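This is what each chain is made of:
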Amino acid sequence: MNVFMNDIPPVMTRKEAQEILKVSKNTILELLQNGYLSSFTIKGRYRITREALMDFIEKSIYYS
């Protein structure tokens, strides 16, 4: 992955996380809705922390 920690915002939108992970909208929504990628909502919109994204990436690398 060519993304450095400093390039990842501390809190990001669903679309920003989707672009970093290079996945489709359906895939990111599935990850969020099924709890594979931790998030919270503000006014019904997903927000993902840098830590949650990095945890997801680390787990994905470990289990792949």
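Scroll up to find the structure this text is about.
Before going into details, it helps to say that this report is about the structure given with it.

A word on the overall build of the protein chain
So, step 1. Per the secondary structure count, the protein chain includes 3 helices and 3 strands.
So, step 2. Secondary structure elements of the protein chain occur, N-terminal to C-terminal, as β-α-α-β-β-α.
So, step 3. Here the protein chain has a C-alpha radius of gyration of 11 Å; the compact-globule value for 64 residues is 11 Å, and the two agree.
So, step 4. Viewed in the frame of its principal axes, the protein chain has a C-alpha envelope of about 30 × 25 × 20 Å.
So, step 5. Out of the 64 residues in the protein chain, the part that is buried amounts to 23%.
So, step 6. Intrachain contacts of the protein chain at a sequence separation of at least 6 include 46% that bridge at least 24 residues.
So, step 7. Working note: accessible area of the protein chain is about 4,900 Å², and carbon and sulfur atoms make up 50% of it.
So, step 8. In the protein chain, the 9 positive side-chain charges and the 7 negative ones have mean positions that sit 10 Å from each other.

Side note on the packing of helix α1 (residues 14-21) against helix α2 (residues 25-33)
So, step 1. At a closest axis distance of 10 Å, the pairing of α1 and α2 adopts a crossing angle of 110°. On the basis of their axis angle, the class for α1 and α2 is roughly perpendicular. Pair α1 / α2 crosses with right-handed handedness. Together, R14, A17, Q18 and L21 of α1 and K25, I28, L29 and L32 of α2 make up the contact between the two elements.

Comments concerning the environment of G44
So, step 1. Tracing the backbone shows G44 in the loop between β2 (40-42) and β3 (45-49).
So, step 2. We classify G44 as exposed; its relative accessible area is 65%.
So, step 3. Sequence separation between G44 and S24 is 20 residues; the distance between their C-alpha atoms is 20 Å.

Here's the deal with unusual backbone geometry
If a residue is not glycine, its phi is most likely negative; likewise, a peptide bond is most likely trans.
So, step 1. Backbone geometry places K22, a non-glycine residue, at a positive phi of 55°.
So, step 2. Its location among the elements puts K22 in the loop between α1 and α2.
So, step 3. Its relative accessible area of 71% is what places K22 among the exposed residues.

The rules behind the values
Residues numbered from 1 in each chain as written. Predicted model: local features only at pLDDT ≥ 70, side-chain atom pairs only at ≥ 80, totals over all residues. Heavy atoms only, no water. Helix = DSSP H or I, 4+ residues; strand = E, 2+ residues; numbered from the N terminus. Rg over C-alpha atoms; globule rule 2.2 N^0.38 Å. Buried < 20%, exposed > 50% of the residue type's maximum accessible area, 1.4 Å probe, protein only. Contact = heavy atoms within 4.5 Å. Areas by Shrake-Rupley, 256 points an atom, 1.4 Å probe, with all protein chains shown as cover. Lys, Arg positive; Asp, Glu negative; His and termini not counted. Charge placed at Lys NZ, Arg CZ, Asp CG, Glu CD. Axes fitted to C-alpha atoms, helices over the stretch in contact; angles between N-to-C directions. Parallel < 35°, antiparallel > 145°, perpendicular 65-115°, else oblique. Left-handed = near helix turned anticlockwise from the far one by under 90°.

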